[in-house]
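# Structural characterization, general
Letter by letter, the chains look like this.
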Amino acid sequence: GESVGLHLPTLSVQEGDNSIINCAYSNSASDYFIWYKQESGKGPQFIIDIRSNMDKRQGQRVTVLLNKTVKHLSLQIAATQPGDSAVYFCADNNAGNMLTFGGGTRLMVKP
Amino acid sequence: GAGVSQSPRYKVAKRGQDVALRCDPISGHVSLFWYQQALGQGPEFLTYFQNEAQLDKSGLPSDRFFAERPEGSVSTLKIQRTQQEDSAVYLCASSLRQGRDGYTFGSGTRLTVV
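A short tour of the structure in this document, coming up. (Residues numbered from 1 in each chain as written. Chains lettered and ligands numbered in written order. Predicted model: local features only at pLDDT ≥ 70, side-chain atom pairs only at ≥ 80, totals over all residues. Heavy atoms only, no water.)

Moving on to the overall build of chain A. When helices and strands are counted, chain A shows zero helices and eleven strands. N-terminal to C-terminal, the α/β element order of chain A is β-β-β-β-β-β-β-β-β-β-β. The C-alpha radius of gyration of chain A comes to 13 Å, within 12% of the 13 Å expected for a compact globule of 111 residues. Once the C-alpha set of chain A is aligned to its principal axes, its extents read approximately 40 × 30 × 20 Å. (Helix = DSSP H or I, 4+ residues; strand = E, 2+ residues; numbered from the N terminus. Rg over C-alpha atoms; globule rule 2.2 N^0.38 Å.)

Quick look at the structure:
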C-alpha cells in the first residue's frame, strides 16, 4: 500500500541555523507532494508544494527538494526562527483527492 | 468567512454517547474533507465532499461514523455510540476546486471519550 513516512521524529536546531526535514514515500506513481506545518492546537498550515516534474521549488525561506529516483523529498528552512517550532508533515496528494500524511517531525528551535 | 471554522473546539463524551461535529468551510469552496488525527500521528483521511455529494467515504472507520453536507456548505460529522478509540482531533479542510490544491484546514475538534 501507499505510505508516506518521515526519517526523524524530532529535530532540534539552533536559532539562525538551517533546518532540513526529510520524508520518504513508497508509491512511485506519486506526482504531487505538499509540506504542512502544524502548531499546537491548530490545523495543518500549507507551506509549499511540488509536482513530480520538478526537482526543486523555493518559497520564502523554504525550499523543497524532490528526488524521484530514491522516492525522497526534503524541506529546508533557512535561518530557522523560534516561530518555526512546530510539527512538520509531508503529504502525498496522488490518491485522488485525499491527502496521505506521514507521521510528522517535531522541529524545536533553541534560542 | 476568513478561514475554516470548526465547532466545538473541545468535546468530552461518555462512551456510548452520540456526538456531532460541525465544519464551516471557506465560502465558495467546492471541496470539503474530514480527517482524523490521533495523538502524535499525522491526519488520516475520513471522507470527501464535492458540493453536497459525498464522493469518497472510504476512510470512515465504521458504520458509526456518518458525514453530511446537505446544502454544499456546512458539513457535520456524526459519531454514534462513541468508543474510547474515537478519541482524536477531527480536522476539516476545504479547497476552492476539486482536490490537488493547497487545502485550508480548520483548527479541529478535540474529542475525548471517557
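Residues and elements named next belong to chain B. Locating histidine 29 in the fold gives a position in the loop between strand S3 (19-24) and strand S4 (31-37). Under the relative-accessibility criterion, histidine 29 is labelled buried at 14%. Within the local environment of histidine 29, its side chain forms a polar contact with the side chain of serine 94, the two groups lying 2.7 Å apart. Once you skip the residues sitting within four places of it in the chain, histidine 29 turns out to touch Arg69, Ser94, Ser95 and Leu96. (Buried < 20%, exposed > 50% of the residue type's maximum accessible area, 1.4 Å probe, protein only. Polar contact = N/O pair within 3.5 Å; in protein donor to acceptor, adjacent residues only side chain to side chain. Contact = heavy atoms within 4.5 Å.)

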